[in-house]
Amino acid sequence: MNEFDIVVDAITSRRSVRGFLPEPVGIDLINKILATASYAPSGSNIQPWHVHVVMGEKRDELSRQLLDAHNRKRPESREYDYYPVNWRSPYIERRRETGWGLYETLGIQKGDRQASAQQHGRNYSFFGAPVVLIFSIDNDLQQGSWLDYGMFLQNIMVAARGCGLHTCPQAALANYPDIVKSQLGIDDGRTVICGISMGYEDTDCLANRFRPPRIGLDEFVTFHS
Ligand SMILES: Cc1cc2nc3c(=O)[nH]c(=O)nc-3n(C[C@H](O)[C@H](O)[C@H](O)COP(=O)(O)O)c2cc1C
């Protein structure tokens, strides 16, 4: 493969994997991925990221507590708005297409609340991944730093592909910030942004067959000359 193809392959082979093998991921590999990701650009190079790498017993305990909150139907309370308050076209259609596409792949019927809740709950077992990365940011940092953070997150996911690993970014892991903060010792001066589950793909998992489409260039590019 030429250099362009290698880059394209790393970017386009990244997808949200929702079924992982229990096979552990070595610390050296995790460090390599995070060190690579830290080359992400950030305004004035302030590097606003902080990562908690959660594995082993701590991972299991965090999962247990999050699942317990989910099963008890504790209201989710993310510390920031990820989505628009009022969904509108064209975003609502894209959201539906993606949500229903996944559920169709899994054989979940529209309106089957129990099965939907069960699938949502799988977020809290990190889809079986042995490693979960939790990301937080200082509360006094601004939107620009969140922009920087996104680049860092994408770098992690692309670098993981280079090591044969897959990932799933999860805003769901910020749904119960009090649990995450108390488990990981994150103080209230910080906001839990999201998590990334990481590991080796379970290729037998049905959910991993789903690949959401992308809009065409004609829908999001305007050329000027
Ligand atoms: C910041 C962020 C948060 C996300 N949160 C979740 C989540 O909580 N649970 C989940 O299953 N997928 C989550 N996703 C995955 C998106 O659904 C997915 O990226 C989108 O449908 C496109 O699919 P692809 O990643 O497979 O290309 C998230 C993605 C991003 C970028």
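Cut-offs and rules
- Residues numbered from 1 in each chain as written.
- Predicted model: local features only at pLDDT ≥ 70, side-chain atom pairs only at ≥ 80, totals over all residues.
- Heavy atoms only, no water.
- UniProt positions renumbered as here; feature names shortened; annotations may be inferred.
- Helix = DSSP H or I, 4+ residues; strand = E, 2+ residues; numbered from the N terminus.
- Contact = heavy atoms within 4.5 Å.
- Buried < 20%, exposed > 50% of the residue type's maximum accessible area, 1.4 Å probe, protein only.
- Phe/Tyr/Trp six-rings, centres within 6.5 Å; stacked < 30°, edge-to-face > 60°.
- Lys NZ or Arg CZ within 6 Å of the ring centre and 35° of its normal.
- Pairing = 2+ DSSP bridges.
- Axes fitted to C-alpha atoms, helices over the stretch in contact; angles between N-to-C directions.
- Near = heavy atom within 4 Å.
- Polar contact = N/O pair within 3.5 Å; in protein donor to acceptor, adjacent residues only side chain to side chain.
- Areas by Shrake-Rupley, 256 points an atom, 1.4 Å probe, with all protein chains shown as cover.
- Nonpolar A, V, L, I, M, F, W, Y, C, P; charged D, E, K, R; others polar.

By the naming in an unreviewed UniProt entry, the protein chain goes by Nitroreductase and is assigned to Pollutimonas subterranea. Its UniProt record gives the protein chain a comment under Cofactor (unreviewed entry), which states: "FMN".

A. Geometry of the side chain of Asn123. As for its position among the elements, Asn123 is in the loop between α5 (113–121) and β2 (131–138). Dropping the residues within four chain positions of it, Asn123 is found in contact with Gln170, Ala172 and Leu173.

B. A look at helix α7 (residues 177–184). Within α7, six of the eight residues are buried, which leaves it mostly tucked inside the rest of the structure. Looking at the packing, one finds that the buried side of α7 touches β1 (50–54), α3 (56–71), β2 and β4 (190–199). Immediately beyond the C-terminal end of α7, within one or two residues, lies Gly185, with a positive phi of roughly 70 degrees.

C. Quick peek at the packing of aromatic side chains. In this structure the tally under the stated criterion is 10 aromatic pairs. Ring geometry for Trp49 and Phe152: centres 4.5 Å apart, planes at 10 degrees, overall stacked. Here Phe152 lies in helix α6 (residues 143–162) and Trp49 lies in the loop between α2 (27–37) and β1, a separation of 103 residues in the sequence. Trp49 gets classed as buried once you look at its relative accessible area, which sits at 14%. These aromatic residues form a ring-pair network of at least three members: Tyr80, Tyr82, Tyr83, Trp87 and Trp146. When the ring centre of Tyr83 is taken as reference, the NZ or CZ atom of Arg95 above it lies at 5.6 Å.

D. Representation of the sheet that holds β1 within the structure. Here four strands make up an open sheet; going across it, the order is β1-β2-β4-β3 and the pairing antiparallel. Here the strands that pair on one side only, and so sit at the sheet edges, are β1 and β3 (166–170). Here the strands of the sheet are splayed against their neighbours by 25 degrees on average, with no regard to which way each runs. As paired elements, β3 and β4 share five bridges and run antiparallel to each other. Bridge pairing in β4 places Cys168 opposite Ser197.

E. Structural view of the site of the ligand. Taken together, 15 residues lie near the ligand, and Ser16, Arg18, Asn123, Ala171 and Arg214 sit nearest. Within the contact set of the ligand, an oxygen atom lies 3.0 Å away from a side-chain nitrogen or oxygen of Arg14. A distance of 2.6 Å separates an oxygen atom of the ligand from a polar atom in the side chain of Ser16. Protein contacts shield 75% of the accessible area of the ligand, which totals 620 Å² for the unbound molecule. Considering every element that reaches the shell around the ligand, the biggest residue donor is β3, with three residues. Of the residues in the shell around the ligand, the class split is seven nonpolar, four polar and four charged.

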